[in-house]
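# Understanding the architecture of this molecule
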Amino acid sequence: MSKMDFSKIATEYEEYATVQKSASEILLKLLKIRTNDDVLDLGCGTGHLTRKIRSLSNGNVVGVDPSEGMMREAIEKSKGLEIVYEIKSAEDIDYVESFDVIFCNSAFQWFKDPEKVIKNCYRALKRNGRIGIQAPAKKIYCPNFIEAVEMVKRDERTKEIFSHFKEPWFFLETAEEYKSLFEKCGFKVVFSKIETITTEHTPEDVLKIFSSGAIAGYLNQDYYNIKLTANYISVFKEIVRKAFEYQAKKGMVKLKFNRIFLIAVKE
Ligand SMILES: C[S@@+](CC[C@H](N)C(=O)[O-])C[C@H]1O[C@@H](n2cnc3c(N)ncnc32)[C@H](O)[C@@H]1O
């Protein structure tokens, strides 16, 4: 069975990425993009927010993401729009004083070397430029997902392979810790807050939301030091589907996400 990375879920991503979308609206409000801002969308995915940013500013708009599948979708859907896309990891960007704003929605948790990325962003911003991030935060970033994955951990059919899973995500427990990380890299942090956002969905939709992001970690061969089998993947999906059904009250699941919202300025 091939790995389940972002390229595998790219074509359905936008339809199901509802939690990323609604959180992005809060981030956009906090960032207040102006009509002449040059903007970098870091970890842009399929570019649905890059296109939104394009509609807010007449400046240069660049989207960066290492996933070829996501970028294929982004380029296809942005035809005729002046957006430059680069297939690259945030760890490898080498812009110098090129942007007024860096927008980073639901991608920070995936960075392998967050400190290097923050330093790259500092270099990439013009003076008085600002960066805004929104990302899942805290080890228990979503109690619903953690509870479902706990069942995978305990189930006789999946526990052996799951014991070889190494979580790829970067999470800090407090807004203060996120703030310190950005300050260490030279930024002045003007806003840092972890919010618990609760939305209600049917169990099927919770599974779709899980499949629009978390699954690119939990079922990605790169994060196991043992070969994933087709049976493991299908039983894993079955267990989480049942877990979300079990979490429903009167047909609806209260889906909780802890999210960091942070705005920092390069003075
Ligand atoms: C949940 S998606 C978010 C996409 C988009 N920003 C949104 O809000 O819908 C996470 C994205 O982060 C990207 N990503 C993962 N590791 C990355 C890295 N090291 N540098 C830049 N982007 C990365 C993935 O390829 C994926 O497209």
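Owing to the predicted nature of the structure, the values given are computational and were not obtained by experimental measurement. (Residues numbered from 1 in each chain as written. Predicted model: local features only at pLDDT ≥ 70, side-chain atom pairs only at ≥ 80, totals over all residues. Heavy atoms only, no water.)

We now examine helix α2 (residues 18–31). For α2, which comprises 14 residues, the first-to-last C-alpha distance of 20 Å matches the rise-based estimate of 20 Å (1.5 Å per residue) to within 8%. Residues of α2 that are buried: V19, Q20, A23, S24, L27, L28 and L31. Buried residues of α2, viewed axially, fall in a sector of 165°; they line one side. Residue K32 follows α2 closely and has a positive phi angle near 45°. (Helix = DSSP H or I, 4+ residues; strand = E, 2+ residues; numbered from the N terminus. Expected span 1.5 Å × (residues − 1). Buried < 20%, exposed > 50% of the residue type's maximum accessible area, 1.4 Å probe, protein only. Arc of directions from axis to C-beta.)

To continue, consider the side chain of N258. Relative to the elements of secondary structure, N258 occurs in strand β7 (residues 253–265). From its side chain, N258 meets the backbone oxygen of I140 in a polar contact 2.8 Å long. In contact with N258, not counting residues within four places along its chain, are A135, P136, A137, K138, I140, Y141, I194, E195 and T196. (Polar contact = N/O pair within 3.5 Å; in protein donor to acceptor, adjacent residues only side chain to side chain. Contact = heavy atoms within 4.5 Å.)

Here we take up the pattern of salt bridges. Tallying each qualifying case throughout the model produces 22 salt bridges. Between K184 and E115 there is a salt bridge whose closest N-O contact spans 2.9 Å. Of this pair, K184 sits in helix α8 (residues 175–184) while E115 sits in helix α5 (residues 114–124), and the two are 69 residues apart along the sequence. On the basis of relative accessibility, which here comes to 25%, the residue E115 falls in the partly exposed class. Residue E238 is joined to R241 by a salt bridge in which the shortest nitrogen-to-oxygen separation is 2.9 Å. With E238 and R241 both in helix α11 (residues 230–247), this residue pair falls three residues apart, about one helical turn. Connected through shared salt-bridge partners, E238, R241, K242 and E245 make up one network. (Salt bridge = Lys/Arg side-chain N within 4 Å of Asp/Glu carboxyl O.)

On to the environment of R123, then. By secondary structure assignment, the location of R123 is in helix α5. On the basis of relative accessibility, which here comes to 35%, the residue R123 falls in the partly exposed class. Sequence separation between R123 and S98 is 25 residues, and the spatial gap between their C-alpha atoms is 8.5 Å. If near-sequence neighbours (up to four positions away) are discounted, R123 is found in contact with I93, D94, Y95, V96, E97 and K266. Engagement of the side chain of R123 in a polar contact is seen with the backbone oxygen of I93, the distance being 3.1 Å.

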